[in-house]
Amino acid sequence: EEKMLMSRIALLGVLSLSTASAFSVGSAPGARLSLASKTASSARSTQRAFALRSLKAQEEMTKYDDSINLAAKERLYLDCCAAFNVEKKSLVSDDDFEQLKSDLAFEGSKVIMFSRDEIKFMVATQAYKEGKPTMDDAEYDSLRQSLKALNSPAALFDSPTCKIRDDGNTVCKADLSADDGKNALLYTPALVLVSLLVNEFTFWSYGWDPLLSLIAGSPVIAAVTYALTNFVYFQTPYITKAQCPKCTTPQNIYFGDVLFVNNGVGVNKSPTQLTTQCVNKACGCDLKADKGRMLVIAE
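Overview of the structure.

Our next topic: unusual backbone geometry. In this structure, Thr248 is a non-glycine residue whose phi angle is positive, near 60°. When you line up the elements, Thr248 lands in the loop between strand S4 (234–243) and strand S5 (250–258). Relative accessible area serves as the criterion here: at 41%, Thr248 is assigned to the partly exposed category. For Met294, which is not a glycine, the phi torsion comes out positive at approximately 55°. Here Met294 is to be found in the loop between strand S7 (286–290) and strand S8 (295–298).

With that out of the way, let us pick up the pattern of salt bridges. Applying the stated rule across the entire model yields 3 salt bridges. One salt bridge in this structure joins Lys73 and Glu107, with 2.6 Å as the shortest N-O distance. Highlighted residues: Lys73 in helix H2 (residues 70–87) and Glu107 in the loop between helix H3 (94–106) and helix H4 (116–129), separated in sequence by 34 residues. The class for Lys73 is buried, based on a relative accessible area of 3%. A salt bridge links Arg144 to Asp175; the shortest N-O distance between them is 2.7 Å. With Arg144 in helix H5 (residues 137–149) and Asp175 in strand S2 (residues 170–175), this pair connects stretches of sequence that are 31 residues apart. Residue classification places Asp175 among the buried positions, given a relative accessible area of 13%.

We now examine the layout of surface pockets. There is about 970 Å³ of room inside the largest pocket. Forming the walls of the largest pocket are 37 residues, and the residues nearest its centre are Arg144, Phe157, Thr161, Lys173 and Asp175. Those elements that place two or more of their residues in the lining of the largest pocket are H4, H5, strand S1 (161–164), S2, S4, S5 and S8. Split by residue class, the lining of the largest pocket holds 16 nonpolar, 8 polar and 13 charged.

Before going further, it helps to spend a moment on the state of the cysteines. Each disulfide is one covalent bond, formed between the sulfur atoms of two cysteines. A full pass over the atoms with the stated rule returns 1 disulfide. Each sulfur in the disulfide pair Cys162 and Cys172 lies 2.1 Å from the other. In this structure the cystine formed by Cys162 and Cys172 twists about its S-S bond by roughly 110°; its chirality is therefore right-handed. With Cys162 in strand S1 and Cys172 in strand S2, this pair connects stretches of sequence that are 10 residues apart. Given the relative accessible area of 3%, Cys172 is considered buried. Unpaired in terms of disulfides, Cys285 finds its nearest cysteine sulfur in Cys283, a separation of 3.5 Å.

Basis of the calculations
Each chain carries its own residue numbering, running from 1 in the written order of its sequence. Totals for whole chains, interfaces and linings use all residues, but because this is a predicted model, local features are given only for residues with pLDDT of at least 70 and pairs of side-chain atoms are given and counted only at 80 or more. Water and hydrogen atoms were dropped before computing side-chain values, which therefore reflect all heavy atoms in the structure. Numbered from the N terminus, helices here are DSSP runs of H or I no shorter than four residues, and strands are runs of E no shorter than two. Here's how the labels work: a residue is buried when its accessible area is under 20% of the maximum for its type, exposed when over 50%, partly exposed in between, all with a 1.4 Å probe on protein chains only. The term salt bridge refers to a pairing of a side-chain nitrogen on Lys or Arg with a carboxyl oxygen on Asp or Glu at a separation within 4 Å. Both site types are read off a 1 Å grid over the protein atoms alone. A 1.4 Å probe that fits but cannot get out defines a cavity, while an open set with protein on both sides within 12 Å along at least five of seven lines defines a pocket; lining residues have an atom within 4 Å of a point. Grid points are joined across faces, edges and corners, and a volume is the space filled by probe spheres set on the points. We call Asp, Glu, Lys and Arg charged. Ala, Val, Leu, Ile, Met, Phe, Trp, Tyr, Cys and Pro are nonpolar, and the rest, Gly among them, are polar. The disulfide criterion is simple: two cysteine sulfur atoms within 2.5 Å.

Set out below in structure tokens:
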């Protein structure tokens, strides 16, 4: 009887293992099928969401019309740059944007040659005019000063600006910019003198041809010319150009000393601020020029 009981128990154990194995084998494909269905459904949902976002973005894009004038094209270009850098969206398609850049280049626009900081400044200026500032005043002023120091046209306003103070007086200001042509002319006297001296010295000492002496002596000529111009004839010279804030007459303003005449500031301490008068005799207003801020102010 004990043997029969043991054999029955063993038989029940085998049947239990067989049943569990059959259930496991039968249920695994169903579980895998369910997991695959969920994955496919999630992928389809993601694709639908992406397609809806792409369709919405395409609907928000504007079609580029190449018949608009140059000013409108430049405005559209800056708007595209602002939308992409600030709002992270595209106003026109990639093909239209490339066509816009090509049209601006063909028409000789300087906007596409602007650096990242110049575009950032122009976008901030436009956003401020629209009542949507993208940076605080301190950051804006710092960016404008850095661009003005580089003589960037993006940071120079075309016309003077005026405002009325609380006391009723009007204050007008205009931008200063470097006059590169006249600054280069300052080196002419020293360059001519040094070149003649080098030619005479090399000819009478070594019998060199004048052209050969100019080529061989160019490093010496350049160094002595720079020293004479900046430390003897003039002291830290800098010629700027601006419009009179009152009458908009173009004029030059000179910063620096001439033959150590220092305007009461001290030898080799050229003023960064000075007062002069408008060259237009009919206007004759007093102008306060600031080299550090590159501004001229008329009160």
